Structures are given as C-alpha cells and as structure tokens.
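As a plain string of letters, each chain reads:
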Amino acid sequence: MKKIFPGLLCCCTICFSSYCQDKISNAEKRWAASFSTGFAPMPHAPFTLLPGVEFFITPKFSFLFEYAFQTGKNNDYDSVALNKKFARYKTEARFYPFANKRRNGSFFGLQAALADRSFDIGKPGSYFKPGPDDSVYTFDKASVKSPFQVIALQFGISRRIITDFYFESSIGFGIKYVNTAYSSVENMQGGVFRGLFTIKPVSTYRYIGSVSRPYLGISYRLIYQF
C-alpha cells in the first residue's frame, strides 16, 4: 500500500494538470492561504493546527495543499500516550462547478492524505490481532507506530465573509488504510478473543497489521484569497 498510494497521488496530479493545461493561459491564476484547527486521531485527541495553500489553475479548478501538526504536550498525565508525534500531509484536487468569481460557491474534490502517527504507552494496555482466530495481547508498556492513508471524495461550500476572506465547510467520504506495529513490548501475554458480547476496540491503532476502515471527515477553513 505504501508504494501504491504515492503513485496514485502522482497520477491524479498529472491527469488533472493535463486536463487543465489548455486553459491555463486563459485563466487568472490565483492563490489562497487557509487555516484551520482540529484534533489528532490519538489518545486524548491532541490539538492540531492546519495551515494550507490553494492554487487555482482556472476559476473552476484548483489544488489544495495542507499540513497538519500536533501542538500542546507530548505526554499525557495518565501515561496512556507518551512522546506523541503526529503530522499529516494532504492534497486535494477541486472542481467549482458554479464558480463565476474566484472561489465563491460549492465544490467537489478528490482528497489524498498521508499521516505519520506514533507514541509510547506507559501503562498496562492491550492490542487486537484480527484473523481466523481473533487474538488479544496485553502488556505493561509498548511503543506504537501507526501511519495511515486516506482517499476520499469531498463535498463542500465556500462563502465570502468580507472582501477576500472566505469561510469554507466540507464533508468527505472514503477509505482509511492503517498499518500499525507494536515494539518494545514489556510483559506481553496473548489469548484468543472470544465472547458473544465482547466489544472490539474502536481506535484503528489498537489493531496490529494492516486494516482498512470507512472514512468520514468534517472540516472547516478560514481562507484569504490573494
């Protein structure tokens, strides 16, 4: 998956650029700076900042590039997650079907994102191994590395606030691919995961190996067009 995903992202970029190449000379090239906030998909959901930039190839087509990074403390008070590290890189190809003046209006997009995520667990915990015989492993301490990728279709709307300032909201539907590994595990014990009413963990970093899940994302941005 790590080799396929960058190739898919590159192909989308090349195809989109080729489609718009004949219109570049007639389109007014414009840039927009964006800013948003969010929460990292990690224990205790640390706060993130999301600066970005959008480039309009034509008044109707654009590319959005966004970077998300974690802020605040890296260590939780209860040792659930220590030495937390999170960063996400996102590219989104956009189409504004009803745009008549720059970016005002609704849009559709194809989003591709790559995220690095890691932390240490400083207290007893567990992780799950899906398979023919589902297994659960308990431990006293462990290190977790759980990068993920997202491919999603975006639907949103952008509205002018004042002059060149805009507010944007969007929702995305797609697939999230996660590859999780546990290391430096202390006092690991395993067993078969059984029970009719046993609830499996929700967080994807609790599943070792490669897993895929449906993706639903809601976002907002404050944008300045220049």
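Given the structure is predicted, the values throughout are model-derived calculations rather than measurements.

Draft legend 1. Here's a closer look at the side chain of T180. Its location among the elements puts T180 in strand β10 (residues 165–186). Among the polar contacts listed, one links the side chain of T180 to the side chain of S146, at a separation of 2.7 Å. Setting aside anything within four residues of it in sequence, one finds T180 in contact with V144, K145, S146, T204, Y205, Y207, I208 and G209.

Draft legend 2. Layout of the pairing of strand β1 (residues 30–39). Covered by surrounding structure in β1 are R30, A32, S34, S36 and G38 only, the residues W31, A33, F35, T37 and F39 on the alternate face being uncovered. Judged from the 10 bridges that link them, β1 and strand β2 (residues 47–56) form a sheet pairing that is antiparallel. Opposite F35, over in β2, you have P51 as the bridge partner. Judged from the 4 bridges that link them, β1 and strand β12 (residues 209–225) form a sheet pairing that is antiparallel. Bridging across to β12, F35 finds its partner in L222.

Draft legend 3. Just the pattern of salt bridges, in detail. Applying the stated rule across the entire model yields 8 salt bridges. Across the salt bridge formed by E66 and R221, the nearest N and O atoms sit 2.9 Å from each other. Here E66 is found in strand β3 (residues 61–70), whereas its partner R221 is found in strand β12, with 155 residues between them in sequence. The buried category is assigned to E66, whose relative accessible area is 6%. For R221, a relative accessible area of 1% corresponds to the buried category. A salt bridge links D76 to K84, with the shortest nitrogen-to-oxygen separation between them at 2.8 Å. Residue D76 is classed as buried on the basis of its relative accessible area, which comes to 10%. Looking at K84, the relative accessible area reads 4%, which means it is buried. It is possible to trace a salt-bridge network through shared partners that takes in E54, E66, R88, K90, E92, R94, E168 and R221.

Reading the values: rules and limits
Residues numbered from 1 in each chain as written. Predicted model: local features only at pLDDT ≥ 70, side-chain atom pairs only at ≥ 80, totals over all residues. Heavy atoms only, no water. Helix = DSSP H or I, 4+ residues; strand = E, 2+ residues; numbered from the N terminus. Polar contact = N/O pair within 3.5 Å; in protein donor to acceptor, adjacent residues only side chain to side chain. Contact = heavy atoms within 4.5 Å. Buried < 20%, exposed > 50% of the residue type's maximum accessible area, 1.4 Å probe, protein only. Pairing = 2+ DSSP bridges. Salt bridge = Lys/Arg side-chain N within 4 Å of Asp/Glu carboxyl O.

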